[in-house]
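# Notes for the structure review
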Amino acid sequence: MSLSLRLSLFYASLCLFGGVQLPFFPVWLESKGLDAKDIGIIIAATMFLRMVAGPLFALVADRLGDRRRVVIALSWASLGAVCLFLVTDGFWQMFIVSLTLMTVWASISPLIEAIALAAAREQGVDYGRVRLWCSVTFIVGSSGTGWLLGFNAPSVIVLCFIAAIIANLAGAYLLAPELPRHRKRPPSGNPFKGLIAILRQPVFMLGITTASVIQASHAVYYAFGTLNWQQQGYSDTTIGLLWGVGIVAEITLFAFAGKVVARVGAVHMLTIGAVAAIVRWGITGLNPPLFVLFVLQTLHALTYCAAHLGAMHFITHATPRSLAATSQSLYAALSAGVIMGGMTLAAGSLYQAYGAHAYWLPVGAGVLALGGCVALGRRWSGGELLTDESEDEDDGDGSHSHRSGVGC
């Protein structure tokens, strides 16, 4: 079995859970008696913890030089955590279990992104064609769960969670034999050296912060999109289709990602995502009719996919391979952690008070991100922003072989 196929299967297994969790976790929480503010607190808290957990797991993976072991361990931990939902009740129990689950499961994503991008750079794997299978199974998860909810109680959502995590675990074992392995002795000295080096690069932080703000513009949609559409009278099947349309558009762009990113470039991809966020969320906040919603959902190809591809292209070219997982985890900590968490926390109160008008919050995020894109375009030349630690270690005289691309 080829490396591309194994990566595709793992992405497919990983995002099946996302297809269930993103649209329907708030529905399950509401069925357990939580209001919009409590739901916002739980979802936001799971995101804030990622800013610590993700980089720590990534540091371990980078130092081990074997990310597969960490991925498998996190998959097992995810299965154990998700099964606890069968016996949880009340806000605090659901809070703790949700925090545990979304910490370990979400920490898998930056590791597999680092693996896939390294395979694309060194072995010619088409990242977009591999990554699109994540989107395919997201559709399966969202549409399938929406269909099941048509004739089942919301408790079926937890069973879908468990089934999806089991698939993720199977995918992790299937991927393991083909993962690139680095058998060099783990670097000695300060284990946080690479992390500190990245954090001291203002252009890198500007790039991942800008990309994170675009991704965080989805906060209202992820946390309350389904609930809002339910209040407008749409069926669970229709809601599942709305989510699915967005992912189909995403898949289409992923299929041609290699050519598109090579022609457009990282900064312009991020700019397209920011502009699309302003348009998409601005109109969604007006509670438009169903046919307009379907059209707006196609913009997910830009607000999520274009911005994601721009971020991946930026991280790959701005940081060395030895810090791949660490740089990916920092981006994940910001995009799915602190910034998304803050937006989600604000969204809970805004949605409870103003309903769909809470979408004006992500419109502001889109405007802010657009400014970040302009600044990044002026400061980044397209090359690496710091040296590869492995090269520095190999220099017996302690000299450093800095590469071009500081551009700041």
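Note: the structure precedes this text.
Bear in mind the structure is a predicted one, so any value in this text is a computation, not a measurement.

### A short note on the overall build of the protein
Of regular secondary structure, the protein possesses 18 helices and 0 strands. Taking all 408 residues of the protein together, 58% fall into the buried category. In the protein, 84% of the contacts between residues at least 6 apart in sequence involve partners at least 24 apart. Carbon and sulfur atoms form 66% of the exposed surface of the protein, whose accessible area is close to 15,800 Å².

### Points about the nonpolar core
Counting 135 residues, the largest nonpolar core has L7, F85, W105, F204, L309, F314 and W380 as the members making the most contacts within it. The element that contributes the greatest number of residues to this core is helix α1 (residues 3–31), accounting for 13 residues.

### Comments concerning unusual backbone geometry
Residues other than glycine seldom take positive phi values, yet N287 does so here, at roughly 55°. Among the structural elements, N287 can be located in the loop between α13 (266–284) and α14 (290–297).

### Comments concerning empty space enclosed by the protein
Tallied over the entire structure, the rule returns 2 cavities of 30 Å³ or more. Here the element with the most residues in the lining of the largest cavity is helix α16 (residues 324–354); it accounts for 9 residues. Class assignment of the residues belonging to the lining of the largest cavity gives a composition of 26 nonpolar, 13 polar and 4 charged. Approximately 100 Å³ is the volume found for the second largest cavity. Together, 13 residues line the second largest cavity, and L117, R121, I315, T316 and A324 are the ones closest to its centre. Among the secondary structure elements, those contributing two or more residues to the lining of the second largest cavity are α5 (108–123), α15 (300–318) and α16.

### What about the state of the cysteines?
Enumeration according to the criterion identifies 1 disulfide in this entry. One disulfide bridge connects C15 with C134, the sulfur atoms lying 1.4 Å from each other. Between C15 and C134 the sulfur-sulfur dihedral comes to about -40°; the bridge is accordingly left-handed. Of the two residues, C15 is situated in helix α1 and C134 in helix α6 (residues 127–149); the sequence distance between them amounts to 119 residues. Each of the two residues, C15 as well as C134, counts as buried.

### Focus: the packing of aromatic side chains
Tallied over the entire structure, the rule returns 21 aromatic pairs. Judged by centre distance (5.9 Å) and plane angle (50°), the rings of F25 and F85 are tilted. Linking F25 in helix α1 with F85 in the loop between α3 (67–83) and α4 (91–106), this pair joins segments that are 60 residues apart in sequence. The residues F25 and F85 share a single accessibility class, namely buried. Here the aromatic cluster, defined as three or more aromatic residues joined through ring pairs, consists of F138, Y221, Y222, W229, W243, W281 and Y359. One residue, R280, lies across the ring of Y221, its end atom 4.8 Å from the ring centre.

### Describing the layout of surface pockets
Of the voids in this model, the second largest pocket is the one considered here, and its volume is about 340 Å³. Looking at the second largest pocket, it is lined by 17 residues, and the ones nearest its centre are L117, A120, Y127, G258 and H313. Among the secondary structure elements, those contributing two or more residues to the lining of the second largest pocket are α5, α6, α12 (257–264) and α15. With 5 residues, the single largest contributor to the lining of the second largest pocket is α15. Within the lining of the second largest pocket, the residues separate by chemical class into 9 nonpolar, 6 polar and 2 charged.

### Re the environment of S31
Its location among the elements puts S31 in helix α1. Considered as a pair, S31 and A153 are 122 residues apart in the sequence and their alpha carbons are 9.0 Å apart.

### What about helix α11 (residues 236–255)?
In this model α11 runs 28 Å from its N-terminal to its C-terminal C-alpha over 20 residues, within 8% of the 28 Å that 1.5 Å per residue would give. A large share of α11 lies buried, amounting to 15 of its 20 residues.

### Examining a nonpolar patch on the surface
Judged by side-chain polarity, L84, L86, V87 and L159 come together as a nonpolar surface patch covering roughly 400 Å² of accessible area. Looking at where L86 falls in the secondary structure, it is placed in the loop between α3 and α4. Under the relative-accessibility criterion, L86 is labelled exposed at 51%.

### Quick word on the pattern of salt bridges
On inspection of all chains with the given rule, the structure shows 2 salt bridges. Ionic pairing is found between K32 and D89, a salt bridge with its closest N-O pair at 4.0 Å. With K32 in the loop between α1 and α2 (36–64) and D89 in the loop between α3 and α4, this residue pair connects regions lying 57 residues apart in the sequence. The exposure class of K32 is partly exposed, given its relative accessible area of 30%. A salt bridge links R131 to E113; the shortest N-O distance between them is 3.5 Å. Remark: E113 occurs in helix α5 and R131 occurs in helix α6; sequence separation between them is 18 residues. When sorted by exposure, R131 lands in the same class as E113, which is buried.

### Brief notes about α4
Compared with an ideal rise of 1.5 Å per residue, which puts 16 residues at 22 Å, α4 spans 21 Å between its outermost C-alpha atoms and is within 8% of the ideal. Within α4, the full set of buried residues consists of M94, F95, V97, S98, L99, L101, M102, T103, V104, W105 and A106.

### Considering the packing of α16 against helix α17 (residues 360–379)
At a minimum axis separation of 10 Å, α16 and α17 run at an interaxial angle of 150°. For the pair α16 and α17, contact is made by M343, A346, A347 and L350 and by L361, P362 and A365, respectively. Among the residues forming the contact of α16 with α17, the class breakdown is 7 nonpolar, no polar and no charged.

Thresholds applied
- Residues numbered from 1 in each chain as written.
- Predicted model: local features only at pLDDT ≥ 70, side-chain atom pairs only at ≥ 80, totals over all residues.
- Heavy atoms only, no water.
- Helix = DSSP H or I, 4+ residues; strand = E, 2+ residues; numbered from the N terminus.
- Buried < 20%, exposed > 50% of the residue type's maximum accessible area, 1.4 Å probe, protein only.
- Contact = heavy atoms within 4.5 Å.
- Areas by Shrake-Rupley, 256 points an atom, 1.4 Å probe, with all protein chains shown as cover.
- Core = buried A, V, L, I, M, F, W, Y, C linked by side-chain atoms within 4.5 Å.
- 1 Å grid on protein atoms, 1.4 Å probe; cavity = no way out; pocket = protein on both sides within 12 Å on 5 of 7 lines; lining within 4 Å.
- Points joined across faces, edges and corners; volume = space filled by probe spheres on them.
- Nonpolar A, V, L, I, M, F, W, Y, C, P; charged D, E, K, R; others polar.
- Disulfide = S-S within 2.5 Å.
- Phe/Tyr/Trp six-rings, centres within 6.5 Å; stacked < 30°, edge-to-face > 60°.
- Lys NZ or Arg CZ within 6 Å of the ring centre and 35° of its normal.
- Expected span 1.5 Å × (residues − 1).
- Patch = residues over 30% accessible without salt bridge, like charges linked within 9 Å, V, L, I, M, F, W, Y side chains within 5 Å.
- Salt bridge = Lys/Arg side-chain N within 4 Å of Asp/Glu carboxyl O.
- Axes fitted to C-alpha atoms, helices over the stretch in contact; angles between N-to-C directions.

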